[in-house]
Amino acid sequence: MLILLPPSEGKAEAGTGRRLDLSKLSLPELNPAREGVLAALVDLCAGPDEAAAREALGLSEGQRGELRRNARLRAAATAPAGRIYTGVLYEALDLGTLPPAAERLARRSVLVSSGLWGAVRLTDRIPPYRCPVGARLPGVGALSAYWRTALAEAMTAAAGKGPVLDLRSGAYAATWAPRGAVAERTVTVRVLHEREVDGVPTRSVVSHFNKATKGRLVRDLLTAGARPRTADALVGALRELKYQVEEQPRPAGRARQVDVVVTEL
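First things first, this report covers the structure right here in the doc. (Residues numbered from 1 in each chain as written. Predicted model: local features only at pLDDT ≥ 70, side-chain atom pairs only at ≥ 80, totals over all residues. Heavy atoms only, no water.)

**Observations regarding the environment of Ile84**
Put simply, the test is: Counting from the N terminus, the helices are DSSP H or I runs at least four residues long and the strands are E runs at least two residues long. A contact between two residues is defined here by any heavy atoms of the two lying within 4.5 Å.
Looking at the secondary structure, you find Ile84 in helix α4 (residues 81-84). Those residues in contact with Ile84 that lie beyond four places of it in its chain are Gly10, Lys11, Ala12, Ala79, Ile126, Pro127 and Pro128.

**Some details on the packing of aromatic side chains**
Note the cut-off: Aromatic rings from Phe, Tyr and Trp, taking only the six-membered ring of Trp, are treated as a pair when their centres fall within 6.5 Å; an angle between ring planes under 30 degrees marks them as stacked, one over 60 as edge-to-face, and anything in between as tilted. Type-normalised accessible area, obtained with a 1.4 Å probe on protein chains alone, sets the label of each residue: buried when under 20%, exposed when over 50%, and partly exposed for intermediate values. Only lysine NZ and arginine CZ atoms are considered, and such an atom sits over a ring when it is within 6 Å of the ring centre and within 35 degrees of the ring normal.
Under the defined criterion, the tally for this structure stands at four aromatic pairs. Between Tyr85 and Tyr129 the ring centres are 6.4 Å apart and the planes differ by 85°, which places this aromatic pair in the edge-to-face class. With Tyr85 in the loop between α4 and α5 (88-93) and Tyr129 in the loop between β5 (125-126) and β6 (136-137), this residue pair connects regions lying 44 residues apart in the sequence. A single burial state applies to Tyr85 and to Tyr129, both of which are buried. One aromatic cluster in this structure is built from Tyr85, Tyr90, Trp117 and Tyr129. We note Lys11 situated over the ring of Tyr129; from NZ or CZ to the ring centre the distance is 4.6 Å.

**Section: the pairing of strand β1 (residues 2-5)**
What counts is decided by this rule: Should DSSP find at least two bridges between two strands, the strands are regarded as paired.
Neither face of β1 is left uncovered, since the one carrying Leu2 and Leu4 and the one carrying Ile3 and Leu5 both have all their residues buried. With three bridges joining them, β1 and strand β3 (residues 110-114) adopt parallel strand pairing. Bridge assignment links Leu4 to a residue of β3, and that residue is Leu111.

Here it is, written out as structure tokens:
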């Protein structure tokens, strides 16, 4: 099983170990593309046009510190990606408290999408950074299109022959869409929050519920030691874990979409 996660905007303040070494990252076939984005990002953030850099990265004037951090990425201390990402999903996943067997499964199964790195495993050492996939960098262009080309073969290979649980947000999902046989084995999840409004049950997508539920869902799968071999078995594993799962019609050749309905965290 391959589990695809989005990164988080929230990140650790600093790494704690050695400097970045692209050659040590998983999916080494992505390194030429990674170097292209890294060079463009560092040059942009170290350059004289702060306003242009902030605009490209969607930063406010009060976030100019992110530019200084990006400018020093090559010399910055690193930490495992699982510690760098600190947002709501990763708080709910709580990697640091996983039992040893579940932690080993996480290391093998999880890939995190990234506007800077393309995709990394939780154990890959990276520095804190700011590079949303919606950014457009000089010489690189729109990152979503850039990674769509670079990720195609690497992600298909990483998917192997087992099921894929795709929990990425829309912007990151656009960087790689499974095709053919991989799509047939892929399950995408939408989290719906159900509540009553004037006595009428209403469902909506709420960011906090969405992220926290996805983190908890992955934690539960890992802790249960789930190793489904098919998309059907993956959906069944979610139901066995007491999630309310509703399948949606699937066009031929497309990934299966399921709704996970929650009423509270």
